[in-house]
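Observations on the model geometry
So the chains spell out like this:
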Amino acid sequence: RALYVTNHNISNMNTDGYSRQVALQRATNPMSLPGIGYLGTGTEIYDIVRVRDSYVDFKYWNESAPKGEWEVKRTSLLEIEKLLGEPSDNSFRKYMDDFFSSLDELSKNPSDYAFRQPVKESALSLTKHINETAKRLENMRKETIFSIDTKVKQINDIADQIGNLNKQIYVLELDGKSANDLRDKRELLVDELSKIVNVRVDESKDGKYRVNVGGITLVDHNYTNKMEYKPENPAYPYENRELKWADGNKVTLQSGELKGLIELVEGDGENGSYRGIPFYQKKLDEFASGFAGKINEQHGKGYDLEGNKGKEFFSSSEVGKEINALTISVSQAILEDVGKIAAAGTKGGVEDNTNILAMLALREN
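This write-up is about the structure you can find in this document.

A look at the packing of helix 3 (residues 92-108) against helix 4 (residues 113-172)
Packing of helix 3 against helix 4 brings their axes to within 8 Å, and their N-to-C directions diverge by 160°. On the basis of their axis angle, the class for helix 3 and helix 4 is roughly antiparallel. The chirality of how helix 3 crosses helix 4 is left-handed. On the side of helix 3, the interface is formed by F92, Y95, M96, D98, F99, S102, L103, E105 and L106, while helix 4 contributes F115, R116, P118, V119, S122, A123, S125, L126, H129, I130 and T133. Among the residues forming the contact of helix 3 with helix 4, the class breakdown is 12 nonpolar, 5 polar and 3 charged.

Comments concerning the sheet that holds strand 7 (residues 216-220)
Strand order across the open sheet formed by 4 strands is 5-6-7-8, with antiparallel pairing between neighbours. Pairing within the sheet leaves two strands with one partner each, and these edge strands are strand 5 (199-203) and strand 8 (223-224). Sheet analysis places strand 7 next to strand 8, joined by 2 bridges and oriented antiparallel. Each bridged residue has a counterpart across the sheet, and for D220 the counterpart in strand 8 is Y223.

So, the environment of G40
Structurally, G40 can be placed in the loop between strand 3 (37-39) and strand 4 (43-50). The class of G40 is exposed, set by a relative accessible area of 61%. For the pair G40 and P30, spaced 10 residues apart in sequence, the C-alpha separation works out to 4.5 Å.

Conventions adopted
Residues numbered from 1 in each chain as written. Predicted model: local features only at pLDDT ≥ 70, side-chain atom pairs only at ≥ 80, totals over all residues. Heavy atoms only, no water. Axes fitted to C-alpha atoms, helices over the stretch in contact; angles between N-to-C directions. Helix = DSSP H or I, 4+ residues; strand = E, 2+ residues; numbered from the N terminus. Parallel < 35°, antiparallel > 145°, perpendicular 65-115°, else oblique. Left-handed = near helix turned anticlockwise from the far one by under 90°. Contact = heavy atoms within 4.5 Å. Nonpolar A, V, L, I, M, F, W, Y, C, P; charged D, E, K, R; others polar. Pairing = 2+ DSSP bridges. Buried < 20%, exposed > 50% of the residue type's maximum accessible area, 1.4 Å probe, protein only.

Written out as structure tokens, the structure reads:
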């Protein structure tokens, strides 16, 4: 029987979550021989136990959640880093350099249409790059929300599996023996769960096994609580979501992959909050709005080739909406006629380049 236990250990040496087992032996009751004494009758295996340290499990589960949280954040930040692409030939710096270089060339010959066309093209390239980056950030936010939904489903599924194992283990251990392999399966599930959310595990003397998340019971023996991450308004599935228990109470997370994903979706950097995807979206919107506003302000002070007062250089692609990273575009007037670029600082000065030079000076602002 001891060899069978050894064989079981060797067979499971590559099984995830498996704990080595040991057969515990003791001497059997001796036989009393009159006039001689007590004769030993050999040995018996009275139990098979796991070689496992519950303290190490506790420490592992405590550290697994922060590790999961920062792995998720690191992966997402690396994606944002690639998306912004600085420095490279496909970065904001490159497109802005091209735009201001085209303005510099136009300042040398402000009346020539051949010098005006590159200004329009470089401005278009810049706005499209900003638009595309904003779309990618929004898509990344939506994909992260999908990942949160997946994690919540995974938590609920793991909770159900632990609840089922609790019932089986409880029944099998009524005679005082340990259901070793089932306990391994259960603790492997807790290992998996501990990376997603911060867990606290407790097993009472009567064999009832409990798993808590944020101070609230997720699994209490064979009872399981459920989480949900739903929007307030189903018509807007990517807005105003909150992680709640089935009874409507808010889920409090201290660490874990789920916390990392939620902070990436909601963190705007305000009041010391985490700088997630909304933070970079806000910064990009501020940049697009501020850049367009300053260029438009200076452009409006000049005059075009027909002597008309300059109008907006950049506009919103969505009528009635303010300029932001998603909507910034070159104005329709300039797209249709580059003669509308207000290069001159004086009315009728077709060779005047003072307003273009003033726009160029904004580069350092």
